[in-house]
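Descriptive analysis of the structure
Single-letter residue listing:
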Amino acid sequence: MAARRRAALYARQSITREGSASLDVQIEACRDAAKRLKVDVVVELVEPPSTSGYRNRGRSRPKFGELLELIRAGEVDCVLAYKTDRLSRGGGPGWAPLVDAFEAAGRDPDKAVATTDGWVSEFEIGIRSAMDREESKKTSDRMLAVRAREAREGKPRIAGRRAYGWNYEMTELIPEEAARILEAAERVLTGESVWSICTDWNTQGVATVTGRPWTVTTIMSILTSGRIAGLREHKGVVVAKGKWEPIITEEQHQALIVALAPKRAKPRKGRTYPLTSLMRCGLCGGRMRSLQREGGRRTYACRKGPGLDGCGRVSIRAPQLEEYVRDLICGMLADPVTRAAMARLDKGDEDEGDGSLLESLREIDERRQRLIDLYTDGDIDRASFRTRKDRIDDEAREVEAQIASRTGTRVLAEVPGTYEELVAAWEERGIDFQRRLIEALLHPIIVNPARSRKRAFDPGRLEIVPKA
Ligand SMILES: [Zn+2]
């Protein structure tokens, strides 16, 4: 005999509808229906009454999120609700995510949803979820129009996270934080690096909005924002003067934009060659050495002459090559799977736990994607999105820390995780840091002779073999 279907009972009080059944009535009727339909109610999900009233209706449905999770996890086979409108948008969270969750769990959409009137047909579910998607699209179009108008009116952009320097609504400055922003701006304008500010603040225990450590990226994004100069930006363009108190002047803002613009790699005073001894000549196997040509052009070359053992027949321009290697290394390090593979390599093969750590990372990433989908579809509100995303991020960091702790080398643990942060760290921290990363990631780069007389940088000449 087949096992009975496991049902989740879902109940919610309608605020906007007169004469809607009370929660008790709904729950009783659903329990009776469960008996008739021969399903076992394994969980009862009852939305707490909304306190935010009409304006926020349908926004916050924490239990509905739980319902979706149970379906995806395969812990329930069907949903039982009092009437179909308990599950609709326009006051309810929506059918589309429900259908998606059943599909993701590989469930039959027939006999997936029941009301006290019986099973809801696949046809009706299809129609309802199509209507839902349509409404969701209209809502997001309206939201975009509202955002643009608010921007033109100079209203602050209130995001999920408070902007550092102000209270959440941006009606008041937070003096300590405003002072930090001003301090950072002035230090950058007198030639200090964002990296050193970041290090100082973390050492001093200066608190961030999230409670996590400061990163170069975070500080950069604060310092280059129009917000701190009282300018309202929309989609990266200043559209109005903001209706909040600025922390720095517009002149300081302009100067910061210039100071923090991505730098073209220009030779600094006393610059050395980060790739020296990390490259081999493709003809003779000799070490490629630095060579300053007349006119100041920097080159790596296989050199012959007194005390030099090369063949003298291979050379390559330094700046483009260094930029190429930088992008390669930062790209490799920004990829969690590569980081994990490196970790495994450092540890050797005896440790079989790394495979599962890798799996965990992938799995966490998938969950993060699903959560983002839920949020962008409007099925969970911003607060619960943030809470759950923070939880997932913490999990990811935990796993990454475990991976890093297995490496034996400390190189991985101390480098940031995103491409932009990596590039910033690369430029800020200089040649020793660069060489350490290159050595950790790559076997010596083999440079073959130029294939044509063209001056253009030709990455096809390089043989690059990752260590992982
Ligand atoms: Zn050579």
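Remember, predicted model here, so these are calculated numbers, not experimental data.

1. Considering the overall build of the protein chain
On a plain count of helices and strands, the protein chain comes out with 13 helices and 15 strands. By residue count, 28% of the 468 residues in the protein chain fall in the buried class. Restricting to contacts in the protein chain with at least 6 residues of sequence separation, those with at least 24 account for 63%.

2. A closer look at the sheet that holds strand β5 (residues 118–119)
What the 5 strands build is an open sheet, ordered β2-β1-β3-β4-β5; its pairing is mixed. Looking at which strands have only one partner, the edges of the open sheet turn out to be β2 (39–46) and β5. Bridging between strand β4 (residues 113–115) and β5 involves 2 bridges; their strand directions are antiparallel. The residue of β5 that forms the bridge with A114 is W119. Those strands touched by helix α1 (residues 23–37) are β1 (5–11), β2, β3 (78–81) and β4, and its axis lies near 165° from that of β1. Docked against the sheet, helix α2 (residues 62–72) engages β1, β2 and β3, running at close to 145° with respect to β2.

3. Section: the sheet that holds strand β15 (residues 462–463)
The strand order across the open sheet built from 3 strands is β8-β14-β15, with neighbouring strands paired in mixed fashion. Looking at the sheet topology across the chains shown, the edges are occupied by β8 (279–281) and β15. Note: strand β14 (residues 445–447) against β15, 2 bridges, orientation antiparallel. Its bridge partner being in β15, V447 is matched across the sheet by L462.

4. Description of α2
Every α-helix winds through 3.6 residues per turn, so residues three or four apart in the chain are directed the same way. Within α2, burial applies to F64, G65, L67, L68 and I71. The buried residues of α2 all sit within an arc of 155° when viewed along its axis, so they share a single face.

5. Examining the nonpolar core
Judged by nonpolar contacts, the single largest core of 47 residues is most densely connected at I219 and Y300. Within the residue set of this core, elements represented by two or more residues are α5 (175–189), α6 (194–204), α7 (216–223), β8, β10 (298–301), α9 (318–334), α13 (419–441) and β14. Sorting elements by how many residues they give to this core places α13 first, with 7 residues. When residues of this core are assigned to domains, at least three map to each of domain 2 (175–259) and domain 3 (263–351 + 408–468).

6. Observations regarding the packing of α5 against α7
α7 packs onto α5 with a crossing angle of 90° between their chain directions and a minimal axis gap of 10 Å. In terms of their interaxial angle, α5 and α7 are classed as roughly perpendicular. Residue-level inspection shows I181, A184, A185 and V188 of α5 in contact with α7, the latter providing I219, I222 and L223. Residue composition of the contact of α5 with α7, grouped by class: 7 nonpolar, no polar and no charged.

7. A short note on helix α3 (residues 95–104)
In terms of burial, α3 is largely enclosed, as 8 of its 10 residues are buried. Here α3 has its buried residues at W95, A96, P97, L98, V99, D100, A101 and F102. One or two residues past the end of α3 sits G106, with phi positive at roughly 70°.

Rules and cut-offs
- Residues numbered from 1 in each chain as written.
- Predicted model: local features only at pLDDT ≥ 70, side-chain atom pairs only at ≥ 80, totals over all residues.
- Helix = DSSP H or I, 4+ residues; strand = E, 2+ residues; numbered from the N terminus.
- Buried ≥ 20, exposed ≤ 12 C-beta atoms within 10 Å, placed from the backbone.
- Contact = placed C-beta atoms within 7 Å.
- Pairing = 2+ DSSP bridges.
- Axes fitted to C-alpha atoms, helices over the stretch in contact; angles between N-to-C directions.
- Arc of directions from axis to C-beta.
- Core = buried A, V, L, I, M, F, W, Y, C linked by C-beta atoms within 7 Å.
- Domains from an automatic or database assignment.
- Parallel < 35°, antiparallel > 145°, perpendicular 65-115°, else oblique.
- Nonpolar A, V, L, I, M, F, W, Y, C, P; charged D, E, K, R; others polar.

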